[in-house]
Amino acid sequence: MPASFQLQITPVNIHLKKKEKVLEVEFDDGSFFIYTAEYLRVESPSAEVKGHGSSQKRIIPGCKNVGITAIEMVGNYALRIIFDDKHDTGIYSWRYLHELGEKYNDVWHRYLQMLDSLGLSRNP
């Protein structure tokens, strides 16, 4: 099998806990991740956050209290997450969600460092 070939990772269970402001996803590879709404919001795959290239990523402050109002399936490959701050343009593919779960510690640490270096806060 070529190294570039990757099997599709798919969720077997998705559970939105609005009150706790978390999304729980269990994948078919046995992995299970709990994502805070804040983490998903600041790592949105939308152009607003990601820009149009890796060097254009925006740091989004003030999302500590953000919640998720709804999730919508996008075909058989992704979720659209609607946040209570009205952000709803990111399409979270299964692979991207899985990657966010696997790399949480590094991604979150880098986000907190960037906030600090820019003099920004997680608080609204």
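A short tour of the structure in this document, coming up. Please read these numbers as outputs of a predicted model, since none were measured by experiment. (Residues numbered from 1 in each chain as written. Predicted model: local features only at pLDDT ≥ 70, side-chain atom pairs only at ≥ 80, totals over all residues. Heavy atoms only, no water.)

## Description of the packing of aromatic side chains
What counts here: By convention, a stacked pair of Phe, Tyr or Trp rings (six-membered ring in the case of Trp) has centres within 6.5 Å and planes under 30 degrees apart, an edge-to-face pair has planes over 60 apart, and any other such pair is tilted. Helix and strand definitions follow DSSP, with helices as H or I runs of at least four residues and strands as E runs of at least two, each counted in order from the N terminus. The cut-offs for exposure are 20% and 50% of the maximum accessible area for each residue type, with area from a 1.4 Å probe on protein chains only; residues under the lower value are buried, those over the upper are exposed, and the others partly exposed.
Tallied over the entire structure, the rule returns seven aromatic pairs. Centre to centre, the rings of Y39 and W108 are 6.0 Å apart; their planes meet at 75°, and the pair counts as edge-to-face. Of the two residues, Y39 is situated in helix α1 (residues 37-42) and W108 in helix α4 (residues 104-118); the sequence distance between them amounts to 69 residues. Residue class for Y39 comes out buried when judged on its relative accessible area of 1%. Note on W108: relative accessible area 13%, which makes it buried. Relative to W108, the ring of Y104 lies with its centre 6.2 Å away and its plane at 10°, an arrangement referred to as stacked. One end of the pair, Y104, and the other, W108, are both in helix α4, four residues apart, so they sit about a helical turn from each other. By relative accessible area, which is 31% here, Y104 ends up partly exposed.

## Describing the sheet that holds strand β6 (residues 91-93)
Paired through backbone hydrogen bonds, the strands of a sheet run either parallel or antiparallel to each other. Heads up, the rule is: One bridge is not enough; two strands pair if DSSP finds at least two bridges between them. Helix axes are fitted only over the stretch in contact, all axes being lines through C-alpha atoms; the angle between N-to-C directions runs from 0 to 180 degrees. Residue contacts are counted whenever heavy atoms from the two residues lie within 4.5 Å of one another.
One open sheet accounts for three strands, arranged β4-β5-β6; its pairing is antiparallel. Both edges of this open sheet fall to β4 (68-74) and β6, since each of them pairs with a single strand only. Between one strand axis and the next, the sheet turns by 30° as a mean value, whatever way the strands run. Across three bridges, the pairing between strand β5 (residues 78-83) and β6 is antiparallel. Across the sheet, residue A78 finds its bridge partner in β6, namely S93. Its contacts with the sheet place helix α3 (residues 94-102) against β4, β5 and β6, and it is angled at close to 80° to β6.

## Quick word on a negative patch on the surface
Under the convention used in this document: Think of a patch as exposed residues, more than 30% relative accessible area, with no salt bridge, where like charges cluster within 9 Å and nonpolar side chains (Val, Leu, Ile, Met, Phe, Trp, Tyr) cluster within 5 Å. Accessible surface area values rest on a Shrake-Rupley calculation with a 1.4 Å probe, where residue burial reflects the displayed protein chains alone. Only one rule defines a salt bridge in this text: a Lys or Arg side-chain nitrogen within 4 Å of an Asp or Glu carboxyl oxygen. The positive count covers Lys and Arg only, the negative count covers Asp and Glu only, and His and the chain ends enter neither. Working definition for charges: the position is that of NZ of Lys, CZ of Arg, CG of Asp or CD of Glu.
Together, D28, D29, E99 and E102 give the surface a local cluster of negative charge. Of note, D28 is situated in the loop between β2 (22-27) and β3 (32-36).

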